[in-house]
Amino acid sequence: MPAAAAPPASSAESPPALGARGVGLSFAGLRALDGLQFEVPAGGTSAVIGPNGAGKTTLFNCISGLYRHEGELLLHGRPLGRLRPHQRARLGVARTFQTPALLDGESALQNVALGAVAHSRVGVLDSMLMTPRRRREEQATLEQAFELLRRAGIDQLADRPVAGLPHGDRRRVEVSRALMSAPTLLMLDEPAAGLGAEEARDLLREVEEVAGPGTTVLLVEHDVALVMSVARRVVVLDSGRLLAVGTPDEVRADPRVVEAYLGAEDVDEPAPERLHAVSEEAS
Amino acid sequence: MATSISEPAGAVPATQAAPGAASALTTPGRVVHRPIWRRPVTWAWTALFVVGLLLPFLISDYDLFKATRVLTIAIAVAGLNLLIGRAGQISAGHGALYGLGAYTAMILVKELDWAWPLAVLAAVAVSGVAGWLIGLPALRVRGLNLGLLTIAIAAVFPLLLNRFSGLTGGTVGLQLAGSPITPPESWGLTPEQFQFLLLVLVVTVVLVVLRNLSTGPLGRSIEALRVNPLMARSEGVDVNRLTLTVFGISSAVAGLGGALGGLVLASTVPDSYSMFFSLTLLSACVVGGSRTWAGALLGAAFIVYLPDLISQQIGSTTGGQWSQLVYAAALLLTLFFLPSGVAGGIGRLLARSTRRPERT
Ligand SMILES: Nc1ncnc2c1ncn2[C@@H]1O[C@H](COP(=O)(O)OP(=O)(O)OP(=O)(O)O)[C@@H](O)[C@H]1O
Ligand SMILES: [Mg+2]
């Protein structure tokens, strides 16, 4: 790691899980992200919030490596540069999608097992010839996948095709898949959408517990009350720009946030736009 | 309570038809493997294999010759299944790769006096590399455009054969006095019997290898590539490399079928590998069921026996043209009424009829 790349802020502690330096992106004239500069501390849960179209998902796509962007992203102090998505996954970046992206024809167990491919040591020949290495890895993968389903409380669905599962269960399958790769940075794009407040809180607590201290969870979430209660650091985006970044208390007190995003309302009250995702996903 | 992973309530008949499809299942608390006697699919394939071994002693050499052709084509269709059914790519040019395998093997045997097994291996390698190269544009072009591009390859292939007539014999092609694939004297088999038995073994190995490829970590990656490439990437799948690998393997398999087909026939002519042949393979893949391995056999049988059937009905000369029409019609009808192909449809029916009592 080049010395220049080391984050200036936290010299004594471990480098931030994620650093953004002047991250920007345009879609055919639309400035989706603009000069983002922030850090997400290593460990625990942090969150990205902002109104619809603020650029939250786009930011996740940049971190995943799905979009090319201006500026620099750093993972644990390491510049991600032009690394391709699969390389980032191997470095420990995992994510879920705003709409769960699953292998619909496959069982929940198989879907979770997909999360292991990032670190699979099984080559094409191993696969074709069904070598002992492949058998061993497969058995270990399936057992671990099953354990994750058990901890998510849906092991009874292990053999069920995910196509027919209710939204909340699909969500849990996808989160379990992301956990399967033992990520260091786990991005969850509105994991609580379509879940009740109670369920959402449980899900997040579970994720932190299963992921362990080595994982930083980065959350996109519309339910501000939920975010404020779980996040260590909150990144507030608005129309692609960084509106504020800090602890929940700092962000809550920031006049720009109150004015531009939260409006005149008390932040603990649900604002209409925060309900958007819930109603959209409810089934 | 414990239902098998490979048989999810009729959603994926494809995996059920795979030879000995995934044998793991979960019982409350853990992942276990289903004992071999509880895998009906494995039993069905074993029975089919035994029938294949007995068949040469039950039917005439003429009928065997036809059946051998079914198997060489089934190999190519199985390769196409991997590409289309599993990886969600498309190739309307697999006839050219089959032809490339046939020509490579014939040239090596005829001009360079290679032993036929070596020639076949070389043909597999050549077709594999060609397929890998065809995969390169597939990294940028998808869907219909990729179909058109591969059709173009299929259309150009016979022209290339004529262009390089020094090597390929031009329009008359290459002929051998007889097939080099003959049994050792002492075995007491006719060449047709030997060739058919050889093909039964090769088809078995090919299907097992393809099944292995399409399960486990690589199988999940391939599935993800088809279902959602963006998701596949962020799960850690090197989508470009996987696409090329799948194109290469699928084409190598097609070349294997072609090499054996050419050597059994002891003849290759450009007309056999026209664009229509490529489209015929495509229709075999879809009609049989691109996500089932049994579909490769059914599809191949369909395209080999159909022209005969039609000729019997309406006289010999126009039979060939009518078959093209029937292939096309069958392709469309299958797409409309049996999207998972004939084998997929049968698999679903069987699953429905066998699972009921189990459920209680
Ligand atoms: N692939 C794309 N092409 C063009 N424009 C895009 C693309 N993806 C996103 N955008 C635009 O970029 C802006 C940011 O979108 P993004 O999906 O990141 O918002 P978001 O904060 O995730 O919103 P939401 O809360 O609705 O999920 C929006 O105006 C959106 O229309
Ligand atoms: Mg979004």
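Cut-offs applied
- Residues numbered from 1 in each chain as written.
- Chains lettered and ligands numbered in written order.
- Predicted model: local features only at pLDDT ≥ 70, side-chain atom pairs only at ≥ 80, totals over all residues.
- Heavy atoms only, no water.
- Domains from an automatic or database assignment.
- Contact = heavy atoms within 4.5 Å.
- Salt bridge = Lys/Arg side-chain N within 4 Å of Asp/Glu carboxyl O.
- Helix = DSSP H or I, 4+ residues; strand = E, 2+ residues; numbered from the N terminus.
- Nonpolar A, V, L, I, M, F, W, Y, C, P; charged D, E, K, R; others polar.
- Near = heavy atom within 4 Å.
- Polar contact = N/O pair within 3.5 Å; in protein donor to acceptor, adjacent residues only side chain to side chain.
- Areas by Shrake-Rupley, 256 points an atom, 1.4 Å probe, with all protein chains shown as cover.
- Buried area = accessible area lost by both parts, 1.4 Å probe.
- Core = buried A, V, L, I, M, F, W, Y, C linked by side-chain atoms within 4.5 Å.
- Buried < 20%, exposed > 50% of the residue type's maximum accessible area, 1.4 Å probe, protein only.

*Asks:* For this particular structure, what's the right way to read the domain arrangement of chain A?
*Replies:* Accessible area lost upon the coming together of the parts serves often as the stated size of an interface. Residues and elements named next belong to chain A. Split by domain assignment, chain A resolves into domain 1 (14–92 + 184–283) and domain 2 (105–182). Placing the centre of domain 1 and that of domain 2 at their C-alpha centroids yields a distance of 26 Å. Opposite the 20 residues of domain 1 that make contact, domain 2 presents 13 residues. Counting across the domain 1 and domain 2 interface gives 2 salt bridges. For Arg172, the salt bridge identified is with Glu206, shortest N-O distance 3.4 Å. Those elements that provide at least two residues to the side of domain 1 that touches domain 2 are helix H2 (85–91), strand S7 (185–189) and helix H7 (197–211). Counting residues per element, the side of domain 1 that touches domain 2 draws most heavily on H7, at 7 residues. Here the residues of the side of domain 1 that touches domain 2 are counted per class, giving 10 nonpolar, 3 polar and 7 charged.

*Asks:* It is not clear to me how the site of ligand 1 should be interpreted in this structure. Could you clarify?
*Replies:* Residues and elements named next belong to chain A. Of all residues adjacent to ligand 1, which total 15 residues, the nearest are Gly53, Lys56, Thr57, Thr58 and Gln98. Here an oxygen atom of ligand 1 sits 2.9 Å away from a polar atom, N or O, in the main chain of Gly53. Within the side chain of Gln98, one N or O atom sits 2.8 Å away from an oxygen atom of ligand 1. Protein contact buries 65% of the 630 Å² of open area that ligand 1 shows by itself. The set of elements that each furnish at least two residues to the shell around ligand 1 consists of strand S2 (30–40) and helix H1 (56–64). Looking at the shell around ligand 1 residue by residue, the class counts come to 6 nonpolar, 7 polar and 2 charged.

*Asks:* I'm lost on the interface of chain B and chain A in this one. Help?
*Replies:* Taken together, the contacts link 40 residues of chain B with 43 residues of chain A. Together chain B and chain A conceal approximately 3,500 Å² of surface at their shared face, both sides included; 61% is due to carbon and sulfur atoms. For the pair chain B and chain A, the interface holds 3 salt bridges. With its nearest N and O atoms 3.1 Å apart, the salt bridge here joins Arg84(A) to Asp238(B). Here chain B is connected to chain A by 9 residue pairs in polar contact (both at pLDDT 80 or more). Secondary-structure elements contributing two or more residues to the side of chain B that touches chain A are strand S1 (24–27), strand S2 (30–33), helix H8 (191–213), helix H9 (216–227), helix H10 (229–234) and helix H11 (239–265) of chain B. Counting residues per element, the side of chain B that touches chain A draws most heavily on H9(B), which supplies 8 residues.

*Asks:* Can you walk me through the nonpolar core in this structure?
*Replies:* When a protein is soluble and globular, its nonpolar side chains tend to lie buried together. With 96 residues, the main nonpolar core has Ile73(B), Ile75(B), Leu82(B), Leu210(B), Leu260(B), Leu263(B) and Leu281(B) as its most contacted residues. It is helix H3 (residues 61–86) of chain B that contributes the most residues to this core, 14 residues altogether. The contacts of Ile75(B), once residues within four sequence positions are left out, are Leu199(B), Val202(B), Val203(B), Val206(B), Val253(B), Leu256(B), Gly257(B) and Leu260(B). Of all hydrophobic cores here, the second largest spans 47 residues; its members include Ile49(A), Ala113(A), Met180(A) and Leu204(A).

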